[in-house]
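Structural overview
If you want the building blocks of each chain, they are given just below.
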Amino acid sequence: MEEERLHFHEMGLDDRVLKALADLGWSQPTLIQEKAIPLALEGKDLLARARTGSGKTAAYAIPLIQRILMSKQTVREQAVRALVLVPTKELGQQVQSMIRQLTAYCSRDVRVADISGKADISAQKPILMEKPDIVVSTPSRVQAHINGQNLQLQSSLEMLVIDEADLLFSFGFEADLKSLLCHLPKIYQAFLMSATLNDDVQALKELVLHNPVMLKLQGSQLPDSSQLQQYSVRCEEEDKFLLIYTLLKLGLVQGKSLLFVRDVDRCYRLKLFLEQFSIPACVLNSELPIHSRCHIITQFNQGFYNYIIATDEQGLENPARCSQKTQEKGKKKKNSRKKGKDKEYGVSRGIDFHNVCNVINFDFPASVESYIHRVGRTARADNPGSALSFISHTELPMLMEVENALTGDSTHDSVLKPYGFKMEEIEGFRYRAVRDAMRSVTKQAVKEARLKEIKQELLNSEKLKTYFEDNPRDLQLLRHDKDLHPAVIKPHLKNVPDYLMVASNFKWKEDLFYLCYLFI
Ligand code: AMP
C-alpha cells in the first residue's frame, strides 16, 4: 500500500508561500521536503544527504522564509536573519532565484540578496546596507564583507545553511568557512546539505550543528533504472566523433543534452567538429565570464539550445588527480587551481539545468563523484533521463570504479548497460564525413576558437551587465552557440548524403529504431 504523503498545506505554511508553491505547480513536496520542512519548523538542526535534483533547495528555503515571516509579526526591524553558503556563483544565483519564486507574494517582507556573483566588493556594499533578510554567498565573499565591515552577523543571524557542503571543501573554502563561523552568534539554527557525508562534512557537522537530525533519504545517489537509463559504449578517439556525429545528425538523441568532455580544449574541438555539420552547440567552461555562463544556462533552460558542451568544475587535465584512489593525495593540489579559471565555477554540480533528456559522457569522468554529478543533471525531480558514456580503453578502469560504486560490489549486474550499437554499420560516415571534419579541427583552430569566444563573451558579459539590465527583451537576441570558425565549415557536410542514409541493409534500420527507442 502506498504511504500517506504529507502535503504542503498540512505543514502550517504561510498562505503567501502556499500561493507561490501553487504557481510553481508543485502539487506535493519531494521526499526531502516532506521530511525536512516540519523538522526545520520545529527548530531542529538538520544534516541532509539527498541525491542531486531531489528538491533540497526548497527543503531549506521554505523553512527560512516561513521563520522570517513569523518573526516579522513581532519584530519589524530589518536585519540579515539567514545566511546561505554555496560553493559556486551559479548555484548562488540559482538559490536566489528559487527563493525569489517562493517569496513572490511576500517579497517586501522577505528580501533576498545573492552576493556571490558580482566581482566588485564595494559595489555590493549598498546591497548589504539594506540588510536583506537572506544573504546568499560563497564563504570567501562573506568573509571579505565581514572584514570590510559591510556585514555584521553576530547580533542578528538566526539561521545558517551550508549547501553542497562537501564541494565547499573541495573548492578550498575551508579556511574562509571556519573563520567566518567565528563571526556568527552563539545560537542559531543550522542546515547542512551535502551529496556525500565524507570526513570533512562530519567535521563541519561538529562545528555548526547542535543535536542534528540526520536525513539520509536515498541509499543511491542516482534515480533507479525506471527513471534513469545508463549506458556505456566502447569506442576509441576517432569513434567517439563518429558516434556523436551519427547520434546528433540523425536525430537519434532526442531532446536537450549535456555533452561532457575532459578539458576546455576538448570543448572547442567538439564544438568546431559539430559546427562543420551545422550542429550548433554552446560551450560552458570556467574561463567564460560569470554573466555569460549564467546567461547560457538561462537560455538553455528556456529552450534556446539543444546541446551544451561542458567540462567538470574540477579541471580534468590530470585525471589521475581525481581518481577515487588518488583523491586523498590530490586534496591539497585541488586548492591550487590554474590561473584564469574561476574557482567558483560549477556545471555538473548543483546547477539546475531544466529538462535535460540526455547526459553524454563524450569523455568519461575521472572520478565516481564526478560521474554522479554529471549524470545527476538529467532525471531530476520526477522526469526520466538517459546517460550514455563513451569509453576508450584508457577509460575502462574508471568505468569499473563507477560500476563498483553504483552496484556496491562488482558481482551485481552492471548498472551501465552495454549500448547495442554496431559501429561497423556507420563506417560509411567515417570515411566520407567524419575524418575530413576531424582533420579541419587543428590545434591552431581550437586555440583560436577558444580565444575568440573568450573575447566575444567578455564583450557580451559587459553588455549583459549594463545594457541588458535596462532592456531585458533584447537579451533574448544574444546567442552563445554561433559558429566560431566559419572558415572550416564545409557546406556539403551540412546534410547527410542520401546514399549514406539509404538503409541498404535491414540491420541498420533496426539499429536506428533501437537507438530512437533508447533515447526517446
Ligand atoms: P534542487 O534539488 O533543489 O536543485 O531541485 C531540483 C528541481 O526540482 C528544481 O527544478 C526544482 O524546481 C524542482 N522541484 C523542487 N521541489 C519540487 C516539488 N515539490 N515538486 C516539483 N518540482 C520540484
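Residues numbered from 1 in each chain as written. Predicted model: local features only at pLDDT ≥ 70, side-chain atom pairs only at ≥ 80, totals over all residues. Heavy atoms only, no water.

Here the focus is the sheet that holds strand 10 (residues 282-284). On the basis of which strands lie adjacent, the open sheet formed by 7 strands has the order 10-11-9-12-13-8-14 and parallel pairing. Pairing within the sheet leaves two strands with one partner each, and these edge strands are strand 10 and strand 14 (417-418). In the sheet, strand 9 (residues 257-260) pairs with strand 11 (residues 307-310) via 4 bridges, with the strands oriented parallel. Looking across to strand 11, one finds that Phe-260 is bridged to Ala-310. Here helix 15 (residues 368-375) sits on the sheet in contact with strand 8 (228-234), strand 9, strand 12 (358-361) and strand 13 (385-391), set at roughly 145 degrees to strand 12. (Pairing = 2+ DSSP bridges. Helix = DSSP H or I, 4+ residues; strand = E, 2+ residues; numbered from the N terminus. Contact = heavy atoms within 4.5 Å. Axes fitted to C-alpha atoms, helices over the stretch in contact; angles between N-to-C directions.)

Turning our eyes to something else, we now look at the sheet that holds strand 4 (residues 134-137). The pairing of strands in a sheet comes from backbone hydrogen bonds and takes either a parallel or an antiparallel form. Taken together, 7 strands build an open sheet; the order of strands is 3-4-2-5-6-1-7 and the sheet is parallel. A strand with exactly one partner marks an edge of an open sheet, and here the two such strands are strand 3 (112-114) and strand 7 (213-216). On average, each strand axis in the sheet is tilted by 10 degrees relative to the strand beside it, whichever way the strands run. Here strand 2 (residues 82-85) runs beside strand 4; their pairing, made up of 4 bridges, is parallel. If you follow Ala-82 over to strand 4, its bridge partner there is Ile-134. In the packing of helix 4 (residues 89-102) onto the sheet, the strands contacted are strand 2, strand 3 and strand 4, and the crossing angle to strand 3 comes to about 165 degrees.

Moving on, we get to the UniProt feature "short sequence motif: Q motif" (unreviewed entry) in the chain. As annotated by UniProt and renumbered to match this structure, "short sequence motif: Q motif" (unreviewed entry) occupies residues 6-34. A helix fraction of 48% and a strand fraction of 0% characterise residues 6-34, whose end C-alpha atoms lie 6 Å from each other. (UniProt positions renumbered as here; feature names shortened; annotations may be inferred.)

With burial as the criterion, each face of strand 5 (residues 159-162) is covered, one bearing Met-159 and Val-161 and the other bearing Leu-160 and Ile-162. Sheet topology places strand 2 next to strand 5; 4 bridges connect them, and they run parallel. When the sheet's bridge partners are listed, Ala-82 is paired in strand 5 with Met-159. Pairing analysis gives 4 bridges linking strand 5 to strand 6 (residues 189-194), with the strands arranged parallel. Bridge pairing links Met-159 to Gln-189 in strand 6. (Buried < 20%, exposed > 50% of the residue type's maximum accessible area, 1.4 Å probe, protein only.)

Bringing the pattern of salt bridges into the picture now. Applying the stated criterion across every chain yields a total of 24 salt bridges. A salt bridge links Arg-266 to Asp-363; its shortest N-O distance comes to 2.7 Å. Remark: Asp-363 occurs in the loop between strand 12 and helix 15 and Arg-266 occurs in helix 11 (residues 264-275); sequence separation between them is 97 residues. Under the relative-accessibility criterion, Arg-266 is labelled buried at 7%. Via salt bridges that share partners, Glu-237, Lys-240, Arg-262, Arg-266, Asp-363 and Glu-395 belong to a single interconnected network. (Salt bridge = Lys/Arg side-chain N within 4 Å of Asp/Glu carboxyl O.)

This paragraph deals with the packing of aromatic side chains. Applying the stated criterion to the full structure yields 10 aromatic pairs. Grouped by ring-pair contacts, the aromatic residues Phe-241, Tyr-245, Phe-273, Phe-277, Phe-362, Phe-390 and Phe-429 constitute a single cluster. The ring of Phe-362 has Lys-240 sitting right over it, with the charged end atom 6.0 Å from the ring centre. The ring of Phe-300 carries Lys-256 above its face, with NZ or CZ at 4.7 Å from the centroid. (Phe/Tyr/Trp six-rings, centres within 6.5 Å; stacked < 30°, edge-to-face > 60°. Lys NZ or Arg CZ within 6 Å of the ring centre and 35° of its normal.)

A few words now on the packing of helix 15 against helix 16 (residues 396-407). At a minimum axis separation of 9 Å, helix 15 and helix 16 run at an interaxial angle of 75 degrees. Considering the angle they form, helix 15 stands roughly perpendicular to helix 16. Residues Val-368, Tyr-371 and Ile-372 of helix 15 form the contact with helix 16, whose own contacting residues are Met-398, Glu-401, Val-402, Ala-405 and Leu-406. Among the residues making up the contact of helix 15 with helix 16, the classes are represented as 7 nonpolar, no polar and 1 charged. (Parallel < 35°, antiparallel > 145°, perpendicular 65-115°, else oblique. Nonpolar A, V, L, I, M, F, W, Y, C, P; charged D, E, K, R; others polar.)

This part covers the confidence of the model for the chain. A residue-level look at the chain finds 78% of positions with pLDDT of 70 or above and a mean pLDDT of 81. Under a pLDDT of 50 for its full length, residues 314-340 has, in the predicted model, 44 contacts with residues more than four places off or in other chains. Predicted confidence is poor over residues 502-520, with pLDDT under 50, and the contacts of this stretch with residues over four places away or in other chains come to 34 contacts. (pLDDT = per-residue confidence, 0-100.)

Moving on to the environment of Gly-117. Considering the arrangement of structural elements, one finds Gly-117 in the loop between strand 3 and helix 5 (121-129). For the pair Gly-117 and Leu-91, spaced 26 residues apart in the sequence, the C-alpha separation amounts to 9.6 Å.

Side-chain alternation along strand 9 places Ser-257 and Leu-259 on one buried face and Leu-258 and Phe-260 on a second face that is also buried. Relative to strand 12, strand 9 is paired through 4 bridges, and the arrangement is parallel. Note that in strand 12 the partner of Leu-259 across the bridge is Ile-360.

Let us look at the packing of helix 3 (residues 56-72) against helix 4. Two elements in contact, helix 3 and helix 4, have axes whose closest approach is 10 Å; the angle formed by their N-to-C orientations is 50 degrees. Of the possible angle classes, the one that applies to helix 3 and helix 4 is oblique. Regarding helix 3 and helix 4, the two cross each other, and that crossing is right-handed. Here helix 3 contributes Thr-57, Ala-58, Tyr-60, Ala-61, Ile-62 and Ile-65 to the contact with helix 4, which in turn contributes Val-95, Met-98, Ile-99 and Leu-102. A per-class count over the contact of helix 3 with helix 4 returns 9 nonpolar, 1 polar and no charged. (Left-handed = near helix turned anticlockwise from the far one by under 90°.)

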